[in-house]
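# Descriptive analysis of the structure
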Amino acid sequence: MIKNFFKTAIYFLRKNGLFTAINTLGLSIALAVSFLIVLFVVNELKFNSCHENKKRIYRVVNYYTEFKNTLAGTPYVLASTMKEDFPQVEKATQTRYVGGLKLKLNDNYLDIWNTVGTSSDIFEIFSLPLTHYQPNTHLLDDLNSIVLSHELAEKIFPDGENPVGKDIEGLINNEQAIFKITGVFENIPKGSTIQASCFVNGKWTLAPIDKSFRSDNAETNWNYDFWTTWILLADAGHAKELNQQFREFEIKHISEKPEKNYSLQNLKDVYLKSENILNTGTSGNLKNIKLFSLIAFIIVLIAAMNYILLSTAVSTIRTKEIGIRKATGASNKSVRFQLFIESVMLSLVSLPIALGLALLAKPYAGELFQTKLHIINSNIGIYILVFLIVTIFIGLASGGYTAGYLSRLKVINILKNNTRQGKRRPVFQTLLIIAELVIFCTFVTSAMVIRSQYKYFMTHDPGYNTENVLLIELGRSFNSYIPYLNSIKSNPNVIMAAGVMEGLPMRGSMSMMVPHFQEKDSKIKVEGLAVDYNFLKTMGIAFVEGRDFSEDFGSDLKSSVIINETAIKHLGIENPIGKQFAGMNIIGVVKDFNLHSLQSDIPPLYISMTDKYIQQIAVHYTPGSLNELLPLLQSEWQKFGNDLPFRYSTIEDINKEIYTAERNLTTIVSISALFTLIISMFGLFGLTLFVTKSRTKEIGIKKVLGSSEQSIVYSFLRGNLISVLSATIVSVPVTYLFMSKWLNNFAYKTNINMSYFILTLGFAILIVTITVSIHSLKASQTNPVEALRYE
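Definitions and limits used
Residues numbered from 1 in each chain as written. Predicted model: local features only at pLDDT ≥ 70, side-chain atom pairs only at ≥ 80, totals over all residues. Heavy atoms only, no water. Phe/Tyr/Trp six-rings, centres within 6.5 Å; stacked < 30°, edge-to-face > 60°. Helix = DSSP H or I, 4+ residues; strand = E, 2+ residues; numbered from the N terminus. Lys NZ or Arg CZ within 6 Å of the ring centre and 35° of its normal. Salt bridge = Lys/Arg side-chain N within 4 Å of Asp/Glu carboxyl O. Buried < 20%, exposed > 50% of the residue type's maximum accessible area, 1.4 Å probe, protein only. Pairing = 2+ DSSP bridges.

This next bit is on the packing of aromatic side chains. This structure, assessed with the given rule, holds 25 aromatic pairs. A ring pair is formed by Phe-126 and Trp-230, whose centres lie 5.2 Å apart and whose planes are at 80°; its orientation type is edge-to-face. Taken together, the residues Phe-126 in the loop between helix H4 (122-125) and strand E7 (130-133) and Trp-230 in strand E12 (residues 228-233) connect sequence positions 104 residues apart. An aromatic cluster is built from Phe-86, Trp-222, Phe-246, Phe-249 and Tyr-262, whose rings are joined through pairwise contacts. The positively charged end of Lys-520 is found above the aromatic ring belonging to Phe-517, 5.8 Å away from the centroid. Stacked on the ring of Phe-553, the Lys or Arg Arg-547 has its end atom at 3.7 Å from the ring centre.

Following this line, the structure appears as structure tokens:
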């Protein structure tokens, strides 16, 4: 019996080639988009699933009570102390990336990226299978131990020999070292928070911190929060108990009134639930998962609507067949089952085409999703299962209405030919067309609003120079930037240059709590900007009153501060020049400028001098001189750069990076609008074709009675243009509601211009007119004699 159903379904799909082709194209596009989004969503949700002990692995996070900020950074000493103090902790380690490791390969040094300083416990906390290792040894206990990834081992030892036990020469922290290879681990899957090309002893991470802070106690200092602490609990249920015990632990090791509180975050939450944790490293975005899932659902919904539209349009072809089947004893259930099989088969026919389209589009989709869409081996089973579920679901959802509609037809009505649509289109079909157009109009208008907001971000004046300024990255290892800075200043193409801890717009943050000048009991959070002489002049930041930092005043380096207008308002400062601010003397007030991106408000700000923590040099150069200037800057860098790579960025580059999400969202919504348009037009194209066929005799009669071709085309267009107008009107409040809510996420935002809706209406009218006119014009030119013979 089922075999007969399949034969009938195949016969129908082959007989109605145009119906099959149009629906196959629409479903293929919808499935391809869905597959790419499924790939993205599965990878995001399954992040860190490669680690077997994920339920017992926790990261320690650090909440600063005064600043109300949570950081992923913790002190080096925390891991070993927790292991000693808490019996619930089986293993504990700290991790920090090591910059500047080089390993000698033949006569050259090979730069090694993603080098992690840690301890031997890392291999027992995370699933890092070893392909080669020395039995009964703690792999990283010795200072000069190194464990290589399989990929790095193959690069250094291409003959496939076992490298364990071999020595290799290297440079680390600008020091010569002989490393002993103690193991090789399998390449870490892409879906893991821990990523490394090799592991070295964690003590190599101490010297750069001590050097930066001119100290010698980074190993035991509880204030240096520059490491990530990972622990493995004996039982996942101990996490709550441990969180409660942290308060006594902090009092014991930090102070009687500690300014920070530790807590645990499970590994499964690290990737997707760390949006409020600073310096968290690689992280995902739950909002993106929800957004892309919604887009996939909408596009699948439109494909299902198309199927229903076309199925009901060709239902006149099926009525005689269904009538005969019912007359010979077929039940509603069997008719319904056959129609479901047809729709599922059509989805399955679309499956290989959709997979091909998805593979072709994968590299481009990865750029839009802001992540590489890796096909992870451990997730392949889930991909296949979800793809099949989505495909079959689309088939069932698409065929649901058609199966219910056609299976309920009465034999008497079929024999009387009462099921033809005639001149008027059923209300349900009209509603489906309007729904598709509403979605299309909403996507198009939303894309315009998002594009306008991105353009606003890129062109708005932040209160400092954004053109002809570049930032040179010094890094922590640069010995002395003053000689290099002086060589830059001597270049005739340089207007001004100065050092800064982090240039504008700042992506990091440093802040302190300052007592209100009028209400002494309240404290205000004030952000900081650490600069060298002439930075404000280099960036073109204007003063309201007072003066800039000057080498003529020796006290400026240690005891002077400049604040902004917002700080005066929030702190209630009157006549600020000469007042004391956090133990420093206020010497100037600058006009408000955007310290961070335009996504956030201008905070109360203090600007202080520093000579220790300069990590960038801002260079303001003469317009049009960049191509000539860069080689000279790089040449000077090689004299002072200690073999560090020369890296720079412009303000425009930084802004593009900061606003990548908005730029990509514009593209995503625009592409979604395009897919919606294509699928909808497939449906409208097919629907118009079948309607013109059903009205062939009517058109012939009209032509005999003297109707012109234009009036016949207009009769087809009129109903569709009314649908476009209705859809645009419905889309206005929907779009306005969603876009207003989205724009409220930003401190600085554009307006939703009514011209966007008018442009959308015009575009929709143009597309629908072209689509409908193709068949209606051809139908209007039909010979009346042939039209009157049509049955």
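Enumeration according to the criterion identifies 17 salt bridges in this entry. A salt bridge links Asp-121 to Lys-83; the shortest N-O distance between them is 2.6 Å. One end of the pair, Asp-121, is in the loop between strand E6 (115-118) and H4; the other, Lys-83, is in helix H3 (residues 78-85), with 38 residues separating them in the sequence. A residue is classified by how much of its surface remains accessible, and Asp-121, at 9% relative accessible area, is buried. For Lys-83, a relative accessible area of 36% puts it in the partly exposed group. A salt bridge links Lys-260 to Asp-225, with the nearest nitrogen and oxygen atoms 3.0 Å apart. Of this pair, Lys-260 sits in strand E13 (residues 260-266) while Asp-225 sits in the loop between helix H6 (206-213) and E12, and the two are 35 residues apart along the sequence. We note that Lys-260, like Asp-225, is buried.

It is worth spelling out the pairing of strand E10 (residues 175-185) at this point. Bridge count for E7 against E10 is 3 bridges, and the pairing is antiparallel. Of the residues in E10, the one forming a bridge with Leu-130 is Phe-185. Note that strand E8 (residues 145-149) and E10 share 5 bridges and pair parallel. From the neighbouring strand, Val-147 faces E10, where its bridge partner is Gly-183. Here strand E9 (residues 167-172) runs beside E10; their pairing, made up of 6 bridges, is antiparallel. Bridge pairing in E10 places Ile-168 opposite Phe-179.

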